[in-house]
Amino acid sequence: MSDFVVKLNYDCEMLNYIASFLLIFVSGFSYGQSDEFLEMEVLAESGDVEAQFDLAYMYANGNEVPKNDKTALKWYTKAAEQGHNLAQFNLGVKYANGEGVRSNKVKAHMWFNLAAFNGYEDAAEGKDIIGKQMTNKQIGRAQDLSEQCLANSYKDCWAKHFRLFSSDPRQGKLLDD
């Protein structure tokens, strides 16, 4: 092969790499830049429960934004704390499956229970499925937490979930471990 052909192949490969990089760079910055997304973000930050749920759904599924389970969990929690039953159900799923958070059957059961209480019919099935993987003691804790959560208007739903197991207050044990 002549030097000219080798150089031409090299130049074409470099142009291909540069074009690929630019495509990734440009598409990466297009995430979440629509006016609709920015408006929804402002509404969610101001406490709009539907905007919070919609943002959570977008992050959970990678719609207009990079998929991010932790950010989805944040927005689902904000919506759930305002009584949004589908957000409560989705938190149950996240805790059951360990998506964006450490798997926690007690919290999953609690959120399924709250979603069912608030009228989301599929939540009863989620609660039954996770309940089959739990001890009676864990189910009792989840029920207690559900009652506490309702009594506190969905705030601090698992504050009593963390109990000390030694005299050292820096050490703790999750009740469902």
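Residues numbered from 1 in each chain as written. Predicted model: local features only at pLDDT ≥ 70, side-chain atom pairs only at ≥ 80, totals over all residues. Heavy atoms only, no water.

A. Up close: the overall build of the protein chain. What the protein chain contains, in helices and strands, is 8 helices and 2 strands. Starting at the N terminus and walking to the C terminus, you meet the elements of the protein chain as α-α-α-α-α-α-α-α-β-β. Taken across its 177 residues, the protein chain has 33% of its residues classed as buried. Partitioning the intrachain contacts of the protein chain with sequence separation of at least 6 by distance along the chain shows that 47% fall at a separation of at least 24. (Helix = DSSP H or I, 4+ residues; strand = E, 2+ residues; numbered from the N terminus. Buried < 20%, exposed > 50% of the residue type's maximum accessible area, 1.4 Å probe, protein only. Contact = heavy atoms within 4.5 Å.)

B. Inspection of the pattern of salt bridges at higher detail. The full count for this structure, using the stated rule, is 4 salt bridges. For the salt bridge of D69 with K67, the shortest nitrogen-to-oxygen distance reads 3.1 Å. Note that K94 and D69 form a salt bridge whose closest N and O atoms lie 3.0 Å from each other. You can see K94 sitting in helix 5 (residues 85-97) and its partner D69 sitting in helix 4 (residues 69-80), a full 25 residues away along the chain. The class of K94 is buried, set by a relative accessible area of 4%. A network of salt bridges, in which partner residues are shared, links K67, D69, K94 and E99. (Salt bridge = Lys/Arg side-chain N within 4 Å of Asp/Glu carboxyl O.)

C. Representation of the side chain of H84 within the structure. Position of H84 relative to the elements: it lies in the loop between helix 4 and helix 5. At 3.4 Å, the side chain of H84 forms a polar contact with the side chain of E50. Look past the residues within four positions of H84 in its chain and what remains in contact with it is V49, E50, F53 and A79. (Polar contact = N/O pair within 3.5 Å; in protein donor to acceptor, adjacent residues only side chain to side chain.)

D. A look at the packing of helix 2 (residues 35-45) against helix 3 (residues 49-61). Put simply, helix 2 and helix 3 touch, their axes get as near as 8 Å, and they point 125° apart. What the angle tells us is that helix 2 and helix 3 run oblique. Crossing geometry of helix 2 relative to helix 3 is assigned as left-handed. On helix 3, the residues touching F37, M40, E41, L43 and A44 of helix 2 are A51, Q52, D54, L55, M58 and Y59. (Axes fitted to C-alpha atoms, helices over the stretch in contact; angles between N-to-C directions. Parallel < 35°, antiparallel > 145°, perpendicular 65-115°, else oblique. Left-handed = near helix turned anticlockwise from the far one by under 90°.)

E. Fine view of helix 3. Between its first and last C-alpha, helix 3 extends 18 Å over 13 residues, near the 18 Å set by a 1.5 Å rise per residue. Buried within helix 3 we find A51, Q52, F53, L55, A56, M58, Y59 and A60. In this structure, the buried residues of helix 3 make contact with helix 2, helix 4 and helix 5. The opening residue of helix 3 is D48, an N-cap whose side-chain oxygen sits 3.1 Å from the backbone nitrogen of E50. (Expected span 1.5 Å × (residues − 1).)

F. Local environment of a negative patch on the surface. Together, D35, E36, E39, D48, E50, D54 and E64 give the surface a local cluster of negative charge. Mapped onto the negative patch, the elements with two or more residues apiece are helix 2 and helix 3. Looking at which element gives the most residues to the negative patch, the answer is helix 2, with 3 residues. What makes E39 exposed here is its relative accessible area of 53%. (Patch = residues over 30% accessible without salt bridge, like charges linked within 9 Å, V, L, I, M, F, W, Y side chains within 5 Å. Areas by Shrake-Rupley, 256 points an atom, 1.4 Å probe, with all protein chains shown as cover. Lys, Arg positive; Asp, Glu negative; His and termini not counted. Charge placed at Lys NZ, Arg CZ, Asp CG, Glu CD.)

G. Broad picture of unusual backbone geometry. In this structure, E64 takes a positive phi of about 70° despite not being glycine. Relative to the helices and strands, E64 is located in the loop between helix 3 and helix 4. Located in the positive-phi region is Y154, a residue other than glycine, with phi close to 70°. The residue Y154 is located in the loop between helix 8 (136-151) and strand 1 (162-163) in this model. Its relative accessible area of 12% is what places Y154 among the buried residues.

H. Representation of the confidence of the model for the protein chain within the structure. Averaged over all residues, the pLDDT of the protein chain equals 80, while 70% of them reach at least 70. This model gives residues 162-177 a pLDDT under 50, and the stretch forms 27 contacts once residues within four places in sequence are excluded. (pLDDT = per-residue confidence, 0-100.)

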